[in-house]
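A structural walkthrough
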Amino acid sequence: MKKLLTVLCGIIIALSLFVTSGNTAKAAGPDDVCTCHNLLPLQGADRNKIVANLISSDVFKGAKKDLQEDGYKWNGANSIEVYQFEGVTAVGVLFTNKEGILERHAFVNGYYVGPAPDIE
């Protein structure tokens, strides 16, 4: 009986994959309005919660240690910017390099992705 139930459920799942319509990707046309340039950094409690989670993570601690070994200086939690859009959380952390120039390093969904371009 268990095998019969398993086979029936498997057939239902397999048929649902082929019968249902999927989501089609649409490219942005010339008339579509792009809102990606209107991003504003998060403020308040939401930002603080994301920053606290990031700076306590092993990923951040490892990236910070590696950057400090290369002569970078972390500018502190107050200089961190957090952006959220379409299920993505992007965090920009400011470091000062050996020459005294500010550089933003990006963390996306908790993973370190490296130096980031300026958003301004």
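Residues numbered from 1 in each chain as written. Predicted model: local features only at pLDDT ≥ 70, side-chain atom pairs only at ≥ 80, totals over all residues. Heavy atoms only, no water.

**Notes on the pairing of strand β4 (residues 102-108)**
Inclusion rule: A pair of strands counts as paired when DSSP detects no fewer than two bridges linking them. Each helix corresponds to a stretch of at least 4 residues labelled H or I by DSSP, and each strand to a stretch of at least 2 residues labelled E; elements are numbered beginning at the N terminus.
Note that strand β3 (residues 88-96) and β4 share seven bridges and pair antiparallel. Counted as the bridge partner of F95 is E103 from β4. Here five bridges tie β4 to strand β5 (residues 111-116), and the two strands are oriented antiparallel to one another. Within β5, the position partnered with F107 by the bridge is Y112. The turn linking β4 back onto β5 is made up of two residues, and N109 within it adopts a positive phi angle of 50°.

**Description of the confidence of the model for the chain**
The predicted coordinates should not be examined in detail at positions where pLDDT is low. The criterion, for reference: Note on scores: pLDDT gives the predictor's confidence for each residue, bounded by 0 and 100.
When pLDDT is averaged across the chain, the result is 80; 66% of the residues are at 70 or more. Ranking the helices and strands of the chain by mean pLDDT puts helix α3 (residues 58-69) first, with 94, and helix α1 (residues 2-19) last, with 59.

**Quick word on the packing of aromatic side chains**
Where we set the bar: Pairing of aromatic side chains here covers Phe, Tyr and the six-membered ring of Trp, requires ring centres within 6.5 Å, and sorts the geometry by plane angle: under 30 degrees stacked, over 60 edge-to-face, intermediate tilted. Whether a residue is buried, partly exposed or exposed follows from its accessible area with a 1.4 Å probe, protein chains only, as a fraction of its type maximum: under 20%, in between, or over 50%, in that order.
What the rule picks out here adds up to three aromatic pairs. Arranged with centres 5.4 Å apart and planes meeting at 65°, the rings of F60 and W74 form a pair that is edge-to-face. Of the two residues, F60 sits in helix α3 while W74 sits in strand β1 (residues 73-74), which places them 14 residues apart along the sequence. What makes F60 buried here is its relative accessible area of 2%. Aromatic pair F107 and Y112: ring centres 5.1 Å apart, planes at 50°, arrangement tilted. Judged by relative accessible area, which is 31%, Y112 ranks as partly exposed. Aromatic rings pair up to connect F60, W74, F107 and Y112 into one cluster.

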